[in-house]
Amino acid sequence: MVPDRQLQVVVGQSAVLPCLLPSPPVSLSGVRVDWYSQETRQAGQEEDLRCAGDQEDEKVGPTLVVFVFNKGREDFKYQSPLYQNRTSLFRSQLLSGNFSVKIHNVSEHDNHRSFQCAAFHDGRPKYLSNVTLHVVRKRDDAAINSGADSRCWCISITAAVVCLVLQML
C-alpha cells in the first residue's frame, strides 16, 4: 500500500504529482508509467449542503486517464479530455527514474481527486504514488477552500445578515 500524500494548490496554478521509480531504467523503451485519477467524495455528499467536518464513508468516482508514458514516449490515446494540454513530464529526468507529472492550470474539477502513479518496469507493476489534491481559491490574498466549505461559509454569512435584518424590523 502506497501512503496517500495530500497536496494543496491554488486554482489556476500548477501542481507537481511526484512519482519516482525505485531504480532508474537502463532504457525508456521498456518502461510504462500510467497516471490516473479518481474523484473521492463523502457518501451522501450533497455539494450545496455539506460543510467541512462532516464525516461519512468515502466513495470513489470513475477513473480518468491523466497521463501515459509508454515505450519511450508520451501516449495520449486514452487521456481524458479534462487533462489534454494540461500535463507534462520532466523529460530531462526520466532516465533518473523521475516520472512526476505536472498538471497545469489546476481547476476546481481537480479538487478532491486522488491521483495514482503505476509503473510497469522490469515486468512487474508497481504503485509508486498516491496524491490527493485539495484545490483552494484565492480571494483578497487569502486562500479559501473551494467546494462545500466556502459555500457553507457563504450560507452562514447570508443567514446572519437575514437574521440581523429580521431583528431590525
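A few points on the structure. All residue numbers refer to positions counted from 1 along the written sequence of the respective chain. The model is predicted, so local features are restricted to residues of pLDDT at least 70 and side-chain atom pairs to those at 80 or more, both for listing and for counting; the totals for chains, interfaces and linings are taken over all residues. Side-chain measures here rest on the full set of heavy atoms in the structure, leaving out hydrogens and waters.

Considering the overall build of the protein
Helices and strands together make up the secondary structure of the protein, namely 1 helix and 10 strands. Numbering of helices and strands starts at the N terminus; helices are DSSP runs of H or I of at least 4 residues and strands are runs of E of at least 2. Along the protein, from the amino end to the carboxyl end, the secondary structure elements read β-β-β-β-β-β-β-β-β-β-α. By sequence separation, contacts in the protein at least 24 residues apart represent 62% of the contacts at least 6 residues apart. Accessible surface, the protein as shown: approximately 10,300 Å² in total, 54% of it carbon and sulfur. Only heavy atoms matter for contacts: two residues are in contact if any of them lie within 4.5 Å across the pair. All accessible-area figures derive from a Shrake-Rupley calculation using a 1.4 Å probe, and residue coverage is judged against the displayed protein chains alone.

Points about the state of the cysteines
Any pair of cysteine sulfurs within 2.5 Å is marked as a disulfide. Following the criterion strictly, the structure yields 1 disulfide and no others. With a sulfur-sulfur separation of 1.9 Å, Cys19 is cross-linked through a disulfide to Cys117. Disulfide Cys19 to Cys117: torsion about the S-S bond roughly -55°, handedness left-handed. Pair noted here: Cys19 is in the loop between strand S2 (15-17) and strand S3 (32-42) and Cys117 is in strand S8 (residues 113-121), with a separation of 98 residues, a long-range link. In terms of burial, Cys19 and Cys117 fall into one category: buried. Between buried and exposed lies partly exposed: a residue is buried under 20% and exposed over 50% of the maximum accessible area for its type, with that area taken using a 1.4 Å probe on protein chains only.

So, the nonpolar core
As used in this record, nonpolar core signifies buried Ala, Val, Leu, Ile, Met, Phe, Trp, Tyr and Cys residues forming a set joined through side-chain atoms within 4.5 Å. Within the largest apolar cluster, 26 residues are counted, with the highest numbers of intra-cluster contacts made by Val33, Trp35, Phe69, Phe99, Ile103 and Phe115. Looking at this core, the elements with two or more residues in it are S2, S3, strand S4 (58-70), strand S7 (101-103), S8 and strand S9 (124-139). Per-element accounting of this core gives the leading share, 4 residues, to S4. If near-sequence neighbours (up to four positions away) are discounted, Phe99 is found in contact with Cys19, Leu21, Leu28, Val31, Val33, Trp35, Phe69, Leu89 and Leu94.

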